[in-house]
Amino acid sequence: MQYALLFQQTPEEFAARRDPEKHAAFWAAFMPYMTALKEAGLVVAGAGLEPPATATSIRIGGSGRQVQDGPFADTKEQLAGFFIIEVPNLDVALDWASRYPGGPGGGVEVRPVAPPKPQQ
Amino acid sequence: MDTRRAVERAARDSYGRLVTFLAARSRDIAAAEDALADAFRAALETWPRDGVPARPEAWLLTAARRRMIDRARHVQVQAEAVPDLRIVAEEAEALAEADRFPDERLKLLFVCAHPAIDPAIHTPLMLQTVLGLDAARIASAFLVSPAAMGQRLSRAKVKIRDAGIGFELPEAKELPPRLDAVLEAIYAAYGSGWDDVAGADPRRRGLAAEAIDLGRMLRPLLPAEPEVEGLLALMLHCEARREARRSPDGDYVPLSEQDTARWSKPMITEAEHILSAAAQDRRFGRFQLEAAIQSVHAQRARTARTDWESIALLYQGLVRLAPTIGALVGQAAAVAEARGAAAGWTLMQAIPAEAVASYQPYWALAAHLLRRLGRPADAAYERATGLCEDPAMRAFLLRRWQERP
């Protein structure tokens, strides 16, 4: 079964990307995590995302479209990247999510990937 | 406030005994737990008004069995269940009058770890039915979704009821394997999802205290079984070092570098006492061996050195008895200390690769040994770091990795 691991980061973690030392420390821990996932042969897809301030959102209202600067949901923690992994079940997906080396306040949302639309 | 505390104390002390009593005949643990939950709710309402009863257990029992009968009437369960419930009610009446309430939780433990029940749910079932922990707490400790944990627990209870798994003690010839399953389940609660109990983050206590409670509870119920004492001694030895596993700054400290002054002397003394009581039976098992390994480590507090050769020999015995991945890796680590890194690495290479692909302690030891042998260790350090769940352990490995040999 495929699951999306959606990594959520705090504003502090996003800000740390501009601090060379903190950024290096994040990658020193994140690269081995990525390698472990790849070595286990689980990764279907994945990407890291630029900070939420770089986002542009289109909101569909009753009277038409509205374009806004910034992310869709105005929450403290924001999506920072994701992996889609192929694992036997949710328990294994949670094992891998728990190894995500993010800082306190952030975390990982684990969601099953919806199956393709059935053929009629 | 005091009343709430009285209810909580009654819940902690009597939950498992009441569940066992209420479910023993119907085998319906879920119904017993529901009735008991109602009884506890009623206690929270009436005890503050009328005062805490002289015998809270008897009060709860009477209230719970009343609920069970009400509910049975309400849902009109199969006719044969009603006489059963009437007997339970009569017995409950008699017991409520008696001074002592029988402790039959051992039967409940054997039901929870019954061979017909999926081994993966043994521990959660025990924690819930014997200690009354809620599914969400158990789910977090075992890294399972709370919804899934709730479903698995209900399924297991349905199975116990419908398969007619008896609330009785196993016969003598069945006892060893059945007891093993109970002990395994308690030890799994102690580890709560950690591969490496000795390195576990001390702040994440998980269910360690609950597991030790279960071990203490089991000891007087099965006084003739040395493995029960072995398990309790093992858990107490590991628990004695909890504070020493991190430096005052929160950094991970490996066992061999721990400050023995921060080990709990009373817990070590208790563990040693229990382990020597077990040894008098001269029937050695997996848990006594594991406790003996921890006991050798504990001697460093007195002798300032670790007798790695003794530890290697104990692991050899453990591997013969229970060749788990954890035991194989532990043996390789001990042999590396006692007889050199090359001897340890030879043992590591004999472990099947597919068994250790995601087993973090294997990669941490591999990195350490390869570096000591002057061989490329980067890939092993990377894997050990990437598989870490614990931030302090990850930071420790990253530091070691960056130190050039």
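Just so we're clear, the structure is a prediction, and the values are computed from it rather than from any experiment.

About the cut-offs
- Residues numbered from 1 in each chain as written.
- Chains lettered and ligands numbered in written order.
- Predicted model: local features only at pLDDT ≥ 70, side-chain atom pairs only at ≥ 80, totals over all residues.
- Heavy atoms only, no water.
- Helix = DSSP H or I, 4+ residues; strand = E, 2+ residues; numbered from the N terminus.
- Buried < 20%, exposed > 50% of the residue type's maximum accessible area, 1.4 Å probe, protein only.
- Contact = heavy atoms within 4.5 Å.
- Areas by Shrake-Rupley, 256 points an atom, 1.4 Å probe, with all protein chains shown as cover.
- Rg over C-alpha atoms; globule rule 2.2 N^0.38 Å.
- Lys, Arg positive; Asp, Glu negative; His and termini not counted.
- Charge placed at Lys NZ, Arg CZ, Asp CG, Glu CD.
- Buried area = accessible area lost by both parts, 1.4 Å probe.
- Salt bridge = Lys/Arg side-chain N within 4 Å of Asp/Glu carboxyl O.
- Polar contact = N/O pair within 3.5 Å; in protein donor to acceptor, adjacent residues only side chain to side chain.
- Nonpolar A, V, L, I, M, F, W, Y, C, P; charged D, E, K, R; others polar.
- Axes fitted to C-alpha atoms, helices over the stretch in contact; angles between N-to-C directions.
- Parallel < 35°, antiparallel > 145°, perpendicular 65-115°, else oblique.
- Pairing = 2+ DSSP bridges.
- Core = buried A, V, L, I, M, F, W, Y, C linked by side-chain atoms within 4.5 Å.
- Disulfide = S-S within 2.5 Å.
- pLDDT = per-residue confidence, 0-100.
- Expected span 1.5 Å × (residues − 1).

For the rest of this paragraph, the subject is the overall build of chain A. The helix and strand inventory of chain A stands at three helices and six strands. Counting from the amino terminus, helix and strand elements in chain A follow one another as β-α-α-β-β-β-β-α-β. Once the C-alpha set of chain A is aligned to its principal axes, its extents read approximately 55 × 50 × 20 Å. The proportion of buried residues among the 120 residues of chain A is 32%. Across chain A, contacts joining residues at least 24 apart in sequence account for 76% of those joining residues at least 6 apart. For chain A, the exposed surface amounts to about 7400 Å²; the carbon and sulfur share of it is 58%.

Counting its secondary structure elements, chain B contains 21 helices and zero strands. At 24 Å, chain B has a C-alpha radius of gyration in line with the 22 Å of a compact globule built from 405 residues. Among the 405 residues that make up chain B, the fraction classed as buried is 51%. Nonlocal contacts in chain B, meaning residues at least 24 apart in sequence, comprise 67% of its contacts between residues at least 6 apart. One way to put it: in chain B the 54 positive side-chain charges average out to a point 2 Å from where the 55 negative ones average out.

Each side of the interface is counted separately: chain B has 15 residues, and chain A has 17 residues. Summing both sides of the interface, chain B and chain A together bury roughly 1300 Å²; the carbon and sulfur share of this comes to 55%. Between the two partners, chain B and chain A, sit two salt bridges. The salt bridge involving B:Arg152 is made with A:Asp91; its shortest N-O contact spans 3.0 Å. Between the two partners, chain B and chain A, sit six residue pairs in polar contact (both at pLDDT 80 or more). Residue assignment for the side of chain B that touches chain A shows that the elements contributing at least two residues are helix H20 (378–386) and helix H21 (391–402) of chain B. Here the side of chain B that touches chain A takes four residues from H20(B), the largest share from any one element. Across the side of chain B that touches chain A, the residue classes break down as six nonpolar, four polar and five charged.

Moving on, we come to the packing of helix H6 (residues 119–129) of chain B against helix H8 (residues 146–162) of chain B. Residue and element names in this part refer to chain B. Where H6 contacts H8, the axes come no closer than 10 Å and their chain directions differ by 85°. When the interaxial angle is binned, H6 and H8 end up roughly perpendicular. Contacts between H6 and H8 involve Ile 121, Pro 124, Leu 125, Gln 128 and Thr 129 from the first element and Met 149, Arg 152, Leu 153, Ala 156, Lys 157 and Ile 160 from the second. When its residues are assigned to classes, the contact of H6 with H8 shows seven nonpolar, two polar and two charged.

For the rest of this paragraph, the subject is the sheet that holds strand S1 (residues 2–9) of chain A. All names here are of chain A. One open sheet holds the four strands; their spatial order is S2-S5-S1-S6, and the pairing between them is antiparallel. The open sheet terminates on both sides in strands that have one partner only, identified here as strand S2 (43–48) and strand S6 (107–112). The mean inter-strand angle of the sheet, taken between neighbouring strand axes irrespective of direction, is 20°. Of the strand pairs in this sheet, S1 and strand S5 (residues 78–86) are connected by eight bridges, and their pairing is antiparallel. Within S5, the residue paired with Gln 2 across the bridge is Glu 86.

Moving on, we come to the pattern of salt bridges. All names here are of chain B. Scanning the model with the defined rule gives 26 salt bridges over all chains in all. A salt bridge links Arg 161 to Asp 28; the shortest N-O distance between them is 3.7 Å. Linking Arg 161 in helix H8 with Asp 28 in the loop between helix H1 (2–23) and helix H2 (29–50), this pair joins segments that are 133 residues apart in sequence. Taking the relative accessible area as the measure of exposure, Arg 161 reaches 36% and is therefore partly exposed. Classification of Asp 28 as buried rests on a relative accessible area of 18%.

So, about the nonpolar core. All names here are of chain B. Counting residues in each nonpolar core, the largest one holds 79 residues, and the members touching the most others are Leu 109, Ile 186, Tyr 190, Leu 218 and Met 235. Ranked by residue count, the leading element in this core is helix H9 (residues 175–191), at ten residues. In this view, Met 235 contacts Ile 186, Tyr 187, Tyr 190, Ala 211, Ile 212 and Gly 215; residues no more than four positions away in its chain are not counted. In this structure, Val 329, Ala 377, Tyr 381 and Ala 392 belong to the second largest nonpolar core, which totals 48 residues.

Looking now at the side chain of B:Arg17. Residue and element names in this part refer to chain B. One can find Arg 17 in helix H1. Look at Arg 17 and you get buried, because its relative accessible area is 18%. Polar side-chain contacts of Arg 17 include one of 2.9 Å to the side chain of Glu 57.

What follows deals with the pairing of strand S3 (residues 56–61) of chain A. All names here are of chain A. Summarising the sheet, S3 and strand S4 (residues 64–69) pair through six bridges and their orientation is antiparallel. Directly across from Thr 56, in S4, lies its bridge partner Asp 69. Linkage of S3 to S4, two consecutive antiparallel strands, is achieved through a turn of two residues.

Residue and element names in this part refer to chain B. For the coordinates displayed, the defined rule picks out zero disulfides over all chains. The closest cysteine sulfur to the non-disulfide-bonded Cys 238 is located on Cys 388, 19 Å from its own sulfur. We classify Cys 238 as buried; its relative accessible area is 5%.

The next subject is the confidence of the model for chain B. Residues at a pLDDT of 70 or more form 91% of chain B, whose mean pLDDT is 89. Helix H17 (residues 341–349) of chain B holds the highest mean pLDDT among the elements of chain B, 98, whereas helix H4 (residues 81–97) of chain B holds the lowest, 63.

With that settled, consider helix H13 (residues 286–298) of chain B. Residue and element names in this part refer to chain B. Here H13 contains 13 residues, and its C-alpha end-to-end distance of 18 Å stays within 8% of the 18 Å for a straight helix at 1.5 Å per residue. Among the 13 residues that make up H13, twelve are buried, leaving the element largely enclosed by the rest of the structure. Burial in H13 covers these residues: Arg 286, Phe 287, Gln 288, Leu 289, Glu 290, Ala 291, Ile 293, Gln 294, Ser 295, Val 296, His 297 and Ala 298. In this fold, the buried residues of H13 make contact with H9, helix H11 (226–240), helix H12 (265–279), helix H14 (300–303) and helix H15 (308–321).

Moving on: the pairing of S5(A). When S2(A) meets S5(A), the two strands line up antiparallel, connected through five bridges. Looking at the pairing, A:Ala47 lines up with A:Phe82 of S5(A).

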